[in-house]
Amino acid sequence: MIQKIDAKKMVVTGDYAAAYGALLCDVDVVAAYPITPQTIIVEEFSTFVNDGITDAEFIMVESEHSAMSACIAAQAAGARTFTATSSQGLALMHEMLSIASALRLPIVMPVVNRTVAAPIGIWCEYNDTMPQRDSGWLQMSCEDNQEVLDMIIMAYKMGEHKDVLLPVMPALDAFILSHTVEPVDAPSSDEVLDFISHYKPHAILDPDNPMAIGTFTPPEYIQELRYQHHVAMNNARKVIKDVTKEFAQKFGRDYHGLIEAYKCDDAEVVLITMGTVTGTARDIVDEMRAKGKKVGLIKLRFYRPFPIEEIRKIAENVDAIGVYDRSISYGTGGPMFIETKNALYGMEKPVVNFLAGLGGRDVVKGDVEKMFEILLKAKEGEAKEEIYWINTRGVSI
Amino acid sequence: MLKEIIFYGRGGQGGVTAANLLASAALKSGNKGVQAFPFFGAERRGAPVKAFARISDEEIYLRSQIREPDVVVVLDTGIMDVVNVTEGLKEDGIVLLNTPRKPSEVEMPCRVATVDATTIALNNKILVGGIPVVNTPLVGALAKLLDGVNIEAVKEAIKERFGKNAEANANAAEQAYNEVVL
């Protein structure tokens, strides 16, 4: 249990917001291994344990693979668990991710998006989380530190819902959120615990009533498990919308479900963004609107499940759609671009992909403005390419 | 009005903490948008480093690094041999230097403010590992230079952040606030 904590306004990093969110959710077990730029999350949480604010079990392990293994075991024993990682750490964890989700254990794990080697970098790129697409987790991305805190809280409620029962991976951009301080409104522990309610596991490993889970299973059964997992991921769409709505009613901050549409109502072109570039894009949309350009923005919050219907609905009324990606599936395009094209199958709309900020390169206002300018050309059928590499040496646009 | 500030110093000197303190103080002063972040580099103790802060009476959405600052703070003027601290500075921008010299004794192509943060730190006995703590007095001096950040809020932010030595750091900030010359 945690001590009672009052609501307060803080000026904190995204990493602190993530750790504080886990504290407010009264997690029972944290198992983690440090990796830049995630380290602060588990460091801060271990401080909460040391200071006696929570009696959570903090397990230091020898690798990320072990961290996820320990979380799986703890969650299967009925504990609400939490961990965090980045980059190579997530790659090493990959094997255990599918086990956590297929055992239907609603673990919550923020991932600080960091480039995966080679070469070694510590800065923001989405090539760590995007390859986890088929791991069966709910995956989403945060725009600011307030959303990081709020999303940790909502993640437990979404993942633990009886129609979902899946782990959740909220992502935050390396340094741009993880190490940046900004104002965060933190609710009281009472309000949070009232919102997420007590964790009631669907099955518990109990020495008095022994059972085994995830054991050797013949072809007669596995396909149905895959089907149920698929149904649960689809169920998550409604649960995500319901939980964000309930959160808005209780805490006054509305995240609008799987996506947030910004000035899309009369837009001729829209850009889809994820993560912190969304903030910069909001400013550009405002500036271009002031000049009479009908541009809009879709903040993509969830990558799994992917908001197919939401994007199709907006796409019906626009002339061109741009997708900003912070990682690349070599030879094809950005992962969100591929998803968007899949979502828009059968609709005759130009879809253009923009790659920028890879390896942590700063994405400036001019970069986002360029994306919109190309989109306005695409609307007239004048876009030369399908994939544009923004601010990239050796590439002229 | 959005104000953008860059802190130049050496790794370990407290530039990032200064930016964070300024953000906290700005929020306490009633600003709606505050943001502070380190330059996303591979920082090393002693090497030139920088940190950024944004302050606005409206919410801040912009996420890129700062290239055209309104104010530049130099914690150690020694780095000016290797770093062009006025790069991108806005036309009416200010450079705040930690130096015993007066602004008239400094030749720079911009408005210059000075405060002897090192001496103030020594007088207030704020030292870490024998090195004077210059970041808290410099944030105090900034309260004089920036509209919308008041010295009481700076002192409060310092007291929240530092357990012991909070009082000495807050006093140093107030002294710098009174002594800074533009």
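Rules and cut-offs
Residues numbered from 1 in each chain as written. Chains lettered and ligands numbered in written order. Predicted model: local features only at pLDDT ≥ 70, side-chain atom pairs only at ≥ 80, totals over all residues. Heavy atoms only, no water. Axes fitted to C-alpha atoms, helices over the stretch in contact; angles between N-to-C directions. Helix = DSSP H or I, 4+ residues; strand = E, 2+ residues; numbered from the N terminus. Parallel < 35°, antiparallel > 145°, perpendicular 65-115°, else oblique. Left-handed = near helix turned anticlockwise from the far one by under 90°. Contact = heavy atoms within 4.5 Å. Nonpolar A, V, L, I, M, F, W, Y, C, P; charged D, E, K, R; others polar. Buried area = accessible area lost by both parts, 1.4 Å probe. Salt bridge = Lys/Arg side-chain N within 4 Å of Asp/Glu carboxyl O. Polar contact = N/O pair within 3.5 Å; in protein donor to acceptor, adjacent residues only side chain to side chain. Pairing = 2+ DSSP bridges. pLDDT = per-residue confidence, 0-100. Domains from an automatic or database assignment. Expected span 1.5 Å × (residues − 1). Buried < 20%, exposed > 50% of the residue type's maximum accessible area, 1.4 Å probe, protein only. Right-handed = clockwise from strand over helix to strand, strands pointing away.

*Asks:* How should I be thinking about the packing of helix α3 (residues 135–145) of chain B against helix α5 (residues 166–179) of chain B in this particular structure?
*Replies:* To describe two helices that pack against each other, one gives the angle between their axes and the distance between the axes. Residues and elements named next belong to chain B. In the contact formed by α3 and α5, the axes pass within 7 Å of each other and the chain directions differ by 40 degrees. As far as their axial angle goes, α5 and α3 are oblique. In this structure, the crossing between α3 and α5 has a hand that is right-handed. In contact with Thr136, Pro137, Gly140, Ala141, Ala143 and Lys144 of α3, α5 contributes Asn169, Ala172, Ala173, Ala176, Tyr177 and Asn178. A class-by-class count of the residues in the contact of α3 with α5 yields 7 nonpolar, 4 polar and 1 charged.

*Asks:* What is the right way to look at the interface of chain A and chain B in this model?
*Replies:* In many analyses, interface size is given as the accessible surface area lost on bringing the parts together. With 23 residues of chain A in contact, the opposing surface of chain B contributes 19 residues. When the buried area of chain A at its contact with chain B is split by residue, Val11(A), Val181(A) and Asp362(A) rank highest and sum to 28% of it. In this structure, the connection of chain A to chain B is made through 2 salt bridges. A salt bridge links Arg63(B) to Glu182(A); the shortest N-O distance between them is 3.0 Å. Scanning the region where chain A abuts chain B turns up 6 residue pairs in polar contact (both at pLDDT 80 or more). Contributions of two or more residues to the side of chain A that touches chain B are made by β1 (8–12), β9 (182–186) and α8 (277–290) of chain A. Within the side of chain A that touches chain B, the residues separate by chemical class into 10 nonpolar, 5 polar and 8 charged.

*Asks:* Looking at this model, I keep getting lost on the sheet that holds strand β3 (residues 48–56) of chain B. Mind explaining?
*Replies:* Sheet strands pair by backbone hydrogen bonding; their relative direction is either parallel or antiparallel. All names here are of chain B. If you walk across this open sheet you meet the 6 strands as β2-β3-β1-β4-β5-β6, and the pairing is mixed. Every other strand in the sheet has two partners, leaving β2 (33–38) and β6 (111–115) as the edge strands with one partner each. Put simply, the sheet's adjacent strands are angled 15 degrees from each other on average, direction ignored. One ladder, built from 5 bridges, connects strand β5 (residues 94–98) with β6; its direction is parallel. Each residue of the ladder has a partner; that of Asn98, found in β6, is Val115. Each of β1 (3–10), β4 (71–74), β5 and β6 is contacted by α3, which is oriented at about 150 degrees to β5, the strand it contacts most.

*Asks:* What exactly am I supposed to notice about the confidence of the model for chain B here?
*Replies:* Averaged over chain B, the pLDDT score is 95; the fraction of residues at 70 or greater is 98%. Interface confidence in the predicted complex, given as ipTM, is 0.93; pTM for the same model is 0.96.

*Asks:* Any chance you could explain the domain arrangement of chain A here in plain terms?
*Replies:* Residue and element names in this part refer to chain A. On domain assignment, one finds that chain A holds domain 1 (8–251) and domain 2 (259–389). Distance from the C-alpha centre of domain 1 to the C-alpha centre of domain 2: 28 Å. Contacts between the two partners involve 28 residues from domain 1, matched on the other side by 24 residues from domain 2. Roughly 2,300 Å² is buried in total at the junction of domain 1 and domain 2, and carbon and sulfur atoms are behind 58% of that figure. Area buried by domain 1 at its contact with domain 2 is led by Tyr126, Met130 and Glu143, which between them contribute 28% of it. Connecting domain 1 to domain 2 are 6 salt bridges. Residues Arg282 and Glu143 are paired through a salt bridge, measuring 2.8 Å at the closest nitrogen-oxygen approach. Along the contact surface separating domain 1 from domain 2 lie 14 residue pairs in polar contact (both at pLDDT 80 or more). Counting only elements with at least two residues in the side of domain 1 that touches domain 2, the list comes to β7 (138–141), α5 (145–159) and α7 (219–251). Top contributing element to the side of domain 1 that touches domain 2 by residue count: α7, with 6 residues. Taken together, the residues of the side of domain 1 that touches domain 2 break down into 16 nonpolar, 5 polar and 7 charged.

*Asks:* Is there a simple way to explain α8(A) in this structure?
*Replies:* Within an α-helix, residues lying three or four positions from one another point in the same direction, as the helix has 3.6 residues per turn. Residues and elements named next belong to chain A. The first and last C-alpha atoms of α8 sit 20 Å apart over 14 residues, in line with the 20 Å expected at 1.5 Å per residue. A large share of α8 lies buried, amounting to 10 of its 14 residues. Of all the positions in α8, only Val277, Thr278, Gly279, Thr280, Ala281, Arg282, Asp283, Ile284, Val285 and Met288 are classed as buried. Lining the buried residues of α8 we find β10 (259–262), β11 (269–273), β12 (295–300), β14 (320–325) and α11 (365–379).

*Asks:* For this particular structure, what's the right way to read the pairing of β9(A)?
*Replies:* On any regular strand, side chains alternate: one points to one face of the sheet, the next to the other face. Residue and element names in this part refer to chain A. Burial analysis of β9 places 4 of its 5 residues in the buried class, the great majority of the element. By the bridge criterion, 5 bridges tie β1 to β9 in an arrangement that is antiparallel. Considered in β9, the bridge of Met10 is made with Val184.

*Asks:* How do you make sense of the pairing of β11(A) when you look at a structure like this?
*Replies:* Residues and elements named next belong to chain A. The buried fraction of β11 is high, at 5 of 5 residues. Residues Val269, Leu271 and Thr273 point to one face of β11 and Val270 and Ile272 to the other, with burial holding for every one of them. With respect to chirality, the unit in which β11 leads through α8 into the neighbouring parallel β12 is right-handed. Bridge count for β11 against β14 is 4 bridges, and the pairing is parallel. Among the inter-strand pairings, Val269 is bridged to a residue of β14, identified as Ala320.

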